[in-house]
Structure formats: C-alpha cells, structure tokens
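# Reading the structure
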Amino acid sequence: MHNREILVVGYGSLLSGYGLLAERRGGASRLIARDAVPVSIHNARRGLAKPSSHGSYLAMDIEPVDRAASITASIAAGEIGIGGLLLTFDREYAPLIARREEYDPDAFTRLIGLADRAGKSLGEFLMAIDGAASRDLLAYRIALRTMLDYTSPGYIFHPVEIDDGRIAIIAIGSGFDGSGDPAIVSRRRQYKMDRLLSLDESMRTEIPGFDRAGQIGYYAECVLGGLHGLNVGDLAPQFDETAGWARELAEHLRSLAACERERFIAATSLDAARYGERFSSRRTPNLDTLLELARMK
C-alpha cells in the first residue's frame, strides 16, 4: 500500500494548533498530524473567498498567481513565499481531512484507493491528472469529476510539489469558474465570490446571516501561525487600528497566544526539541502590533 501517510500543505486554519485542534468549533473537526515542517508556498496568493461549511463566514482560499503554472512549496529555510505548513497525517485521518474540507469522505477514500492501485502516492497520482489537464484548474476538476463521478462544491484536492521531490495535496476552493460538473455549483459561484478578500473586505460582505465573531475567530486560527515563525505577512498587512474588527481580532489573539505553542506541539506530535529546531521565534511584525493593540486596552 503506497499511501500509509497523507501529506497536506496547510495555508489557512491548519497553520495553528488552535486551528488544527478545532477548539473554536468544539473539536468537531480535530486533526492530529504525525509530523509538521514549515514551508514557503510559491506562485500563490491567498485570501477569504470560500464560504465556510462551519458557519456564515468566509474561509481561506488559495490561487496561483500565474494560472498557467503550478503552486509549489519549499522546505528550504529563507525561501520567500507565503507561509504554510507541510503536515503528515496517518491514512486513517483521510475521512476527517475530507470532511473538514467539505469533500465527501467516501470519494476521497476511493481516490486514495485508485492511487494505491496505480502504485503511486496520492500526490503523484493527482500530479499526473494535473499534467494531462495542462495545469488548467477547471480542466483538472473536470478530469477528476469524470474519474470519481464526484466533485465538491467546497474544496477540491490538488497536487503541490515540494522542493525535496515529494508531492503533497492542497485544498483549493471549488472554483468560481466551475466545480468540474455543471450540475454542482461551487460555493464561490453560489455566493458570487469572484476574488480573494481581506478580512476588512469580508466585514462588508453580504453573506446572509453573516457571523462577524465567527469570521474573526476563524481569521485568528490562520494568523496564529505567525507565532511559529510562519510568514503570515499577507494576512496581517498594515491595518487601521481604529477599525472595530482590528481590536476584536487583537483581543481574540491575545487570549489564545499564551497556550498556542502547547496546542501546536500537541496537534503536530512534535516534542519541544524538534519544535525548537524547526520553527522560528521571529514573528510577522504586524502580528506583534496586533498583540500590542490588545495590551493597550
């Protein structure tokens, strides 16, 4: 069996121990990785766009900057890119990973089985599909839909090549331009999310019953990754300190920061020594500004 483990590149709520353990949602989609290393993600931008399956707010999505090229990731220190996390999960977590990304667990299990029978890792198997689709996101979704007789309105798993030769998977929102099946309307299309939004922009969205507290809580899950030295500068750019959401986010971060290291170590199965070797104490400058804003109250 080629897929005893599943490699996942996290770029949103999977960047923090708080997010991995899903504490904000009562642990309903709790994930425990077997290992974790920081990565820099290249040819990518991220932002809020995909309506969450956990509430009336927007979740993180990622898109290639150059749509003709693939999103890639590097484990090399000092690489410039957006901060991510390469997570290793035991295969038994496959249904939970799928459910968290609003992807049918049975379809995901069947997909892994197809990779097994092809003698490839899941990432390698998906990379072959991606290559045949000429790196076109919609063509890839169509090919995957044809193979599985399934596509998701939420997230769809795509391959992402790591610079050490391994190929992981990354969850990309079922596209505004199509899910791969005309009968399945993507969440982004359903809610007219044709571009990635900042937190400030999300606060003005017209999602029915918009959950402001849920949006801020979700965003905290993502930017907490900055406490581990992950580059979240694109998620914590310059902001208006007088904006109500800035102080709300700051307060939320302040209450979580003290226990985040312990949560992260537990969620990634690391020990303190390996954590110290792999993860930097350097923070995104504006994250410190947010934490200071909370202390100024």
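Residues numbered from 1 in each chain as written. Predicted model: local features only at pLDDT ≥ 70, side-chain atom pairs only at ≥ 80, totals over all residues. Heavy atoms only, no water.

### Description of the overall build of the protein
- The number of helices and strands found in the protein is 11 helices and eight strands.
- Over its C-alpha trace the protein gives a radius of gyration of 18 Å, about what one expects of a compact globule, namely 19 Å for 297 residues.
- When the backbone C-alpha atoms are referred to their principal axes, the protein occupies close to 55 × 45 × 35 Å.
- The burial tally for the protein puts 55% of its 297 residues in the buried class. (Helix = DSSP H or I, 4+ residues; strand = E, 2+ residues; numbered from the N terminus. Rg over C-alpha atoms; globule rule 2.2 N^0.38 Å. Buried < 20%, exposed > 50% of the residue type's maximum accessible area, 1.4 Å probe, protein only.)

### Remarks on the pattern of salt bridges
- Following the criterion strictly, the structure yields 25 salt bridges and no others.
- Taking the shortest distance from any N to any O, the salt bridge between arginine 187 and glutamate 102 comes out at 2.7 Å. Of this pair, arginine 187 sits in helix H6 (residues 187–190) while glutamate 102 sits in the loop between helix H2 (94–100) and helix H3 (105–117); the two residues are 85 residues apart in sequence, bridging distant segments of the chain.
- Judged by relative accessible area, glutamate 102 falls into the buried class, the value being 16%.
- Beyond isolated ion pairs, a larger network of salt bridges with shared partners links Asp35, Asp271, Arg274 and Arg278. (Salt bridge = Lys/Arg side-chain N within 4 Å of Asp/Glu carboxyl O.)

### Here's the deal with helix H8 (residues 212–223)
- Here H8 is 12 residues long and its end C-alpha atoms lie 17 Å apart, about the 16 Å a rise of 1.5 Å per residue gives.
- In terms of residue burial, H8 counts as a mostly covered element, since 10 of its 12 residues are buried.
- Inspection of H8 places Gly214, Gln215, Ile216, Gly217, Tyr218, Tyr219, Ala220, Glu221, Cys222 and Val223 among the buried residues, and these make up the whole buried set.
- Of the residues flanking the start of H8, the one acting as N-cap is aspartate 211, its side-chain oxygen 3.4 Å from the backbone nitrogen of alanine 213. (Expected span 1.5 Å × (residues − 1). Polar contact = N/O pair within 3.5 Å; in protein donor to acceptor, adjacent residues only side chain to side chain.)

### Side note on the packing of helix H4 (residues 122–132) against helix H5 (residues 137–148)
- Contact geometry of H4 with H5 gives a least axis separation of 9 Å together with a crossing angle of 120°. Regarding the angle of H4 to H5, the classification is oblique. For the crossing formed where H4 meets H5, the hand is right-handed. Here Phe125, Leu126, Ile129 and Asp130 of H4 lie close against H5, whose contacting residues are Tyr140, Ala143, Leu144 and Met147. (Axes fitted to C-alpha atoms, helices over the stretch in contact; angles between N-to-C directions. Parallel < 35°, antiparallel > 145°, perpendicular 65-115°, else oblique. Left-handed = near helix turned anticlockwise from the far one by under 90°. Contact = heavy atoms within 4.5 Å.)

### Brief notes about the pairing of strand E2 (residues 35–42)
- Counted residue by residue, E2 has six buried out of eight residues, so it is predominantly covered.
- Across three bridges, the pairing between E2 and strand E5 (residues 72–74) is antiparallel. By the bridge assignment for E5, histidine 42 is matched with threonine 72. (Pairing = 2+ DSSP bridges.)

### Quick word on the packing of H3 against H4
- Between H3 and H4, the shortest axis-to-axis distance is 8 Å and the interhelical angle comes to 90°. In terms of orientation, H3 and H4 fall into the roughly perpendicular class. For the pair H3 and H4, contact is made by Phe108, Leu111, Ile112, Leu114 and Ala115 and by Leu122, Phe125 and Leu126, respectively.
- Within the contact of H3 with H4, the residues separate by chemical class into eight nonpolar, no polar and no charged. (Nonpolar A, V, L, I, M, F, W, Y, C, P; charged D, E, K, R; others polar.)

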